[in-house]
Amino acid sequence: MNKGILNWLERINYENLKSAIGLKREVFIWGAYADGKYVREILCEHGISVQGYIDNYKDDTNYDELPLSIFNETYNPKKSFIIIAVVGKRKGIIDLLTKYGFKNGLDYRYISEETPNITISKCTGVYEDKYGNIVQIETDDLHADIEIKGYENHIHIGKSVNLGKNVHFLIENGSKISIGENMNIEDNVSIEAINAGTITIGNGGRICQNGRICSKGGDIIIGNGTSTGRNFLCLSGSRSFAKIGNDCMFSADTSVLGTNSHSIFNMETKENLSLREKGVFIGNHVWLGKSATVLCNSEIADGCIVGANSIVKINSPSNCLLVGNPAKISATKRMWDRRREVLFEDL
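Now for a quick tour of the structure. (Residues numbered from 1 in each chain as written. Predicted model: local features only at pLDDT ≥ 70, side-chain atom pairs only at ≥ 80, totals over all residues. Heavy atoms only, no water.)

In this section: the packing of aromatic side chains. One pass over the full model with this rule turns up eight aromatic pairs. Judged by centre distance (5.3 Å) and plane angle (20 degrees), the rings of Trp-30 and Phe-71 are stacked. Residue Trp-30 is located in strand S1 (residues 26-30), and its partner Phe-71 is located in the loop between strand S4 (66-70) and strand S5 (80-84); the two are separated by 41 residues in the primary sequence. The same class applies to Trp-30 and to Phe-71, which are both buried. Centroid distance Phe-232 to Phe-250: 5.7 Å. Interplanar angle 40 degrees. Geometry classified as tilted. With a gap of 18 residues between them, Phe-232 in the loop between strand S19 (227-228) and strand S20 (233-236) and Phe-250 in strand S22 (residues 249-250) connect regions that are remote in the sequence. Overall, Phe-232 belongs to the buried group, its relative accessible area being 1%. Phe-250 sits in the buried class, given a relative accessible area of 3%. Following the ring pairs from residue to residue traces out a cluster consisting of Phe-28, Trp-30, Phe-71, Tyr-75, Tyr-100 and Phe-102. Taking the ring centre of Phe-241 as reference, the NZ or CZ of Lys-243 above it sits at 5.1 Å. (Phe/Tyr/Trp six-rings, centres within 6.5 Å; stacked < 30°, edge-to-face > 60°. Helix = DSSP H or I, 4+ residues; strand = E, 2+ residues; numbered from the N terminus. Buried < 20%, exposed > 50% of the residue type's maximum accessible area, 1.4 Å probe, protein only. Lys NZ or Arg CZ within 6 Å of the ring centre and 35° of its normal.)

What the rule picks out here adds up to 10 salt bridges. Notably, a salt bridge pairs Glu-147 with Lys-149, separated by 3.7 Å at the nearest N-O pair. Note that Arg-276 and Glu-271 form a salt bridge whose closest N and O atoms lie 2.8 Å from each other. Overall, Glu-271 belongs to the partly exposed group, its relative accessible area being 28%. (Salt bridge = Lys/Arg side-chain N within 4 Å of Asp/Glu carboxyl O.)

Attention now moves to a nonpolar patch on the surface. Nonpolar side chains collect at one region of the surface, where Met-335, Phe-344 and Leu-347 lie side by side and expose about 350 Å² of accessible area between them. By the secondary structure assignment, Phe-344 is in the segment after strand S31 (327-331). Residue class for Phe-344 comes out exposed when judged on its relative accessible area of 59%. (Patch = residues over 30% accessible without salt bridge, like charges linked within 9 Å, V, L, I, M, F, W, Y side chains within 5 Å. Areas by Shrake-Rupley, 256 points an atom, 1.4 Å probe, with all protein chains shown as cover.)

Moving on, we get to the sheet that holds strand S2 (residues 52-55). Strand order in the open sheet made by the six strands is S3-S4-S2-S1-S5-S6, with mixed pairing throughout. On the outer flanks of this sheet lie strand S3 (61-63) and strand S6 (108-110), each paired with one strand and no other. Shown here is a sheet whose adjacent strand axes are inclined to one another by a mean of 30 degrees, direction ignored. (Pairing = 2+ DSSP bridges. Axes fitted to C-alpha atoms, helices over the stretch in contact; angles between N-to-C directions.)

The residue after Asn-325, namely Pro-326, is reached through a cis peptide bond having omega 0 degrees. Residue Asn-188 is not a glycine yet carries a positive backbone phi of 60 degrees. Among the structural elements, Asn-188 can be located in the loop between strand S13 (184-185) and strand S14 (190-193). We classify Asn-188 as partly exposed; its relative accessible area is 37%. With phi around 55 degrees, Lys-333 is a residue other than glycine that occupies positive phi space. By the element assignment, Lys-333 lies in the segment after S31. Since its relative accessible area comes to 77%, Lys-333 is described here as exposed.

Next comes the structure, spelled out in structure tokens:
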């Protein structure tokens, strides 16, 4: 449950709300999802009956056994009182209500206050706020651009973490970011977790310049001792993940894409094929050559090498050499080491 909605329900004067609604107006909840349903339950407990739901996209259907429709001209402030249980899209909703003559407080109530937007540039120790956001930093005198939006977000940064210039953290809507100890994060790196996304980066690794790691709702896990070259990109979606093992080495301009980011449809069956995406799994000690890309629904096992400019969308056994677009197994029983001049016996 969104913390802003809970706060509103706890502090609202229900008798004053009944008075604002009056005897001749019907009550509608804007937000046909779990939070809106919970709001209806609480309102009913206080003697406020709800006649239907409003949604930004759904129309001519039902939700929670009540009518559901997109907001339109049939709603007017003389007959309708609207309670908005949507945290996002605030400006668009208020602009639309204003267009049709609704006035804040008199004809509608926005349940949560405006979404919190907090920026922290220097922090050591623990930061907590009334919105349920927590930042825990174990590295002394750490300078970073930490942008927090919404409620119940958690960031943890371990000991001895080195940050370059213009490192940006964005965390939004119940998300989590955890950075392990002895990590090196270089200039202009962006780490973003939104929509209850989770990013976990282990100990002793390196994210080189201009990298971007972004979870849009799924999990991203990067293991201990893994290093990336410049311009690294890693994405996960709301239905997918990106999991990278320990001691991996990614060259410059590589991408690990756990999501398609957009919808792809089968025109004959009308199926949204992107809903099949599961994510990307990369095992331990995997080397991606320059400009290699690993697409969603791929699995690269331990010890593999991916050639430069290769596009991977297969499941591979361990210790393979993958080359090409699309990448294919060109050799098996291969091993690699970060050192250039080393004998097999010394591995």
